[in-house]
Amino acid sequence: MNEIAAIVYWDGRPVATERRDLLLPAPAARRRWLGKAGAALGQAGPVPPCRDDGILLAWDARIDNREELLHALGRPPETDDGGLILAAYRRWGDACPRRLTGDFAFVLWDGGRRSLLAARDGLGMRPLDWLAVPGGILLASGTAPLLEYAALPRRFDPLAVAGWISGWPDPDRALLAPVARVPAGHLLRADRRGVRLQRFWDIDPERRIRYRRPEEYRQHLRSLLQRAVADRLRSGAGVVASQMSGGMDSTTVTALARESLAAAGKRLLVVSHSYDSVASCDETERIRETLRHLEIREARFLAAEQHLDLDYRALYPPHPDSPGTVLSPRYRDEMRLLREAGAEVLLTGSGGDEMTWGHSLSYSRRLRRGELGVVLEVIRGCRELELPLLRTLRQLFLAPLAPPWLRRALGRPAGASRLPDWVPAAAIRRLDLDERLPGASRARFRNPVLQARYEALRHTSTFNSVRSYDRVGMEHGIEVRHPFFDTRLAEFSFAIPDDLWIRNGYPKWLLRRAMDGVLPDSVCWNRHKVVFDDFFGRLLREQAQAIRAILADRRLEQAGLLDTDRLLAHFDRVVSGRQGFTVDLLYVLMTQVWLQQHF
């Protein structure tokens, strides 16, 4: 990955070279700048920015449809991804971002038109923020450098922070005002007349993929996964690493990577985490079984208990740009191990839940279509998984299919908010949070299953892990890649019948079919997903006094965004075991740590 930056003044005034490095907080040896008549574009990373006859390009990209672009643009095979973006712009202009497949953020200055084009890939895997300044515009891979260059004080955006403490962070909204984010799947066009944003990619609510037989869906998914993994194996090193747990997603990525790397004569190194102190979280035996099944001999285990003697704030220190981007010493240990092994790329299974889990509302839709057997299917699943039968039947069938008056009687009282009770009613009204946070999506699906999945994808907590590993990986020269976060896979996932993802009591049913015979049955057909709430709950209890002190910070209450007493009462119930742990509590804890470390 590269960090990129741009400084543009519309009147052509020179860019001060002594200040521009503030936008690229990287070692001097990694920074390179190009300049032309009031514009300077910089890049920090293994490759430099590009110049071509009056056009400058700073790029952070891995372009996956290279063969298609090389053919369409008539470029030689040695053209790097930056050269492809430049050639695509010369051929297609502002339409070039929609022709690109992969993870990318770029800034392009067209000196002839005296205009700037920037874009960010459809799933927002590469960061890009911008800030309008008098007479010009700044762009960078991070939020804080923009404020530092513009000599502006740090102040948080109330709506962005409200999203975090409510459990609905908006990944397309910067935390630090007045910085703005280039939203995922958007291009930004700027000149002296102003800044304009335009969407070039999103999941199409009307797209449908229909085959006659389930086998055809299985084959299509398998080919997409193989392509997504293979596209992320490009590396100059002889070894590629894969982070593997005992679940479906990371084992799928690892198995497919092994196939491709073996054909290319490269090695695969698996890195896994053990949880010796919390048996419910430990998947060591299933991981070892998968290693034997796939005949993988290079594997390293890291103990999750490392560094637990540290204070919570030292264990999960947040990056200035986001409470969820944490620069944990555990992640740094992992990256050092990979560098010592000679790896430059780490694959993960992040995004598998969002793309292949499905949604339980599929069961209610099947009953609505007259499939009465679905009720027996759910009953059998509840017995096998030891789920509460009556509550499950109510959630899947009674509540979704009941008439509106009965849903109101069974649900929240009229006027009740869907947000945690520590968010004050005054803040909900002032910022219109009930309408702007849960369900405030860009695309509207007629199918409620797809709408719910779309919301889950937009607001997923998995982005926290992705951003954290990306940042720490960049520090160590490791590019972390996530094959499930692929726009081609996303388009397929939302276009096929929704009940292919969850049936017979199995979430990820189609993924399991696609990997049947490749992964051991104990992984492929295991219904029990390991979650790590028990491990984090143990940490909460062991550091309860220190964490309670963190949560007791009343600055967000003074800003009208938080009811601190309600939050502390909730925390006390979780620590005492009277209430279960939820991700909402983790979000507000991360926000308080971020506030204390960066303000």
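Data block above holds the structure.
Residues numbered from 1 in each chain as written. Predicted model: local features only at pLDDT ≥ 70, side-chain atom pairs only at ≥ 80, totals over all residues. Heavy atoms only, no water.

Describing the sheet that holds strand β7 (residues 115-120)
As summarised here, the arrangement of the six strands in space is β4-β5-β6-β7-β13-β14, forming an open sheet in which the pairing is antiparallel. The two strands at the open ends of the sheet, each matched to only one other strand, are β4 (50-52) and β14 (194-199). Each strand axis lies, on average, 20° off the axis of its neighbour in the sheet, ignoring direction. (Pairing = 2+ DSSP bridges. Helix = DSSP H or I, 4+ residues; strand = E, 2+ residues; numbered from the N terminus. Axes fitted to C-alpha atoms, helices over the stretch in contact; angles between N-to-C directions.)

What about the nonpolar core?
Within the largest apolar cluster, 86 residues are counted, with the highest numbers of intra-cluster contacts made by Tyr 312 and Leu 338. It is helix α27 (residues 583-598) that provides the largest number of residues to this core, a total of nine residues. Dropping the residues within four chain positions of it, Tyr 312 is found in contact with Phe 536, Leu 539, Gln 543, Ile 547, Ile 550, Leu 586, Leu 589, Met 590 and Val 593. With 79 residues, the next largest nonpolar core counts Leu 123, Ile 296, Leu 450 and Val 466 among its residues. (Core = buried A, V, L, I, M, F, W, Y, C linked by side-chain atoms within 4.5 Å. Buried < 20%, exposed > 50% of the residue type's maximum accessible area, 1.4 Å probe, protein only. Contact = heavy atoms within 4.5 Å.)

Focus on the pairing of strand β17 (residues 299-303)
Walk down a regular strand and you will see the side chains alternate between the two sheet faces. Bridge analysis of strand β16 (residues 267-274) against β17 gives five bridges, and the strand direction is parallel. Counterpart to Ser 274 in the pairing with β17 is Ala 303. Traced from β16 through helix α8 (residues 284-294) to β17, the parallel crossover comes out right-handed. (Right-handed = clockwise from strand over helix to strand, strands pointing away.)

Re the pattern of salt bridges
Within this structure, the stated rule accounts for 53 salt bridges. Among the ionic pairs, Arg 196 bridges to Asp 191, the shortest N-O distance being 3.5 Å. Classification of Arg 196 as partly exposed rests on a relative accessible area of 37%. Ionic pairing is found between Arg 366 and Glu 377, a salt bridge with its closest N-O pair at 3.1 Å. Highlighted residues: Arg 366 in helix α12 (residues 361-368) and Glu 377 in helix α13 (residues 373-385), separated in sequence by 11 residues. Assessed through its relative accessible area of 8%, Glu 377 is described here as buried. The network of salt bridges with shared partners includes Arg 62, Asp 64, Asp 103, Arg 227, Asp 231, Arg 232, Asp 486 and Arg 488. (Salt bridge = Lys/Arg side-chain N within 4 Å of Asp/Glu carboxyl O.)

A closer look at helix α3 (residues 81-92)
With 12 residues, α3 extends 16 Å between its outermost C-alpha atoms, agreeing within 8% with the 16 Å of an ideal straight helix rising 1.5 Å per residue. Where burial is concerned, most of α3 is hidden: 10 out of the 12 residues are buried. For α3, the full list of buried residues reads Asp 81, Gly 82, Gly 83, Leu 84, Ile 85, Leu 86, Ala 87, Ala 88, Tyr 89 and Trp 92. Close packing links the buried residues of α3 with β4, β5 (55-63), α2 (66-73), β6 (102-110), β7 and β13 (186-191). For α3, the capping residue at the N-terminal end is Asp 80, with a side-chain oxygen 3.2 Å from the backbone nitrogen of Gly 82. (Expected span 1.5 Å × (residues − 1). Polar contact = N/O pair within 3.5 Å; in protein donor to acceptor, adjacent residues only side chain to side chain.)

A closer look at the sheet that holds strand β9 (residues 136-140)
Strand order in the open sheet formed by six strands is β2-β3-β1-β9-β8-β12, with antiparallel pairing between adjacent strands. Each edge of the open sheet carries a strand with a single partner, namely β2 (31-36) and β12 (180-181).

Concerning the side chain of Arg 467
Inspection of the secondary structure assignment puts Arg 467 in helix α19 (residues 462-475). For the buried Arg 467, no salt bridge is present, and the opposite-charge side chain at shortest range is Asp 470, 4.7 Å distant. Apart from residues no more than four positions distant in its own chain, Arg 467 is found in contact with Arg 120, Gly 124, Met 125 and Thr 325. (Lys, Arg positive; Asp, Glu negative; His and termini not counted.)

A closer look at the packing of helix α6 (residues 214-231) against helix α20 (residues 487-495)
It is at 9 Å that the axes of α6 and α20 come closest, and there the two elements cross at 160°. Relative to α20, the element α6 lies roughly antiparallel. Along this stretch, α6 crosses α20, giving a crossing that reads as left-handed. Here α6 contributes Tyr 217, His 220, Leu 221, Leu 224, Leu 225, Arg 227, Ala 228 and Asp 231 to the contact with α20, which in turn contributes Arg 488, Leu 489 and Phe 492. (Parallel < 35°, antiparallel > 145°, perpendicular 65-115°, else oblique. Left-handed = near helix turned anticlockwise from the far one by under 90°.)

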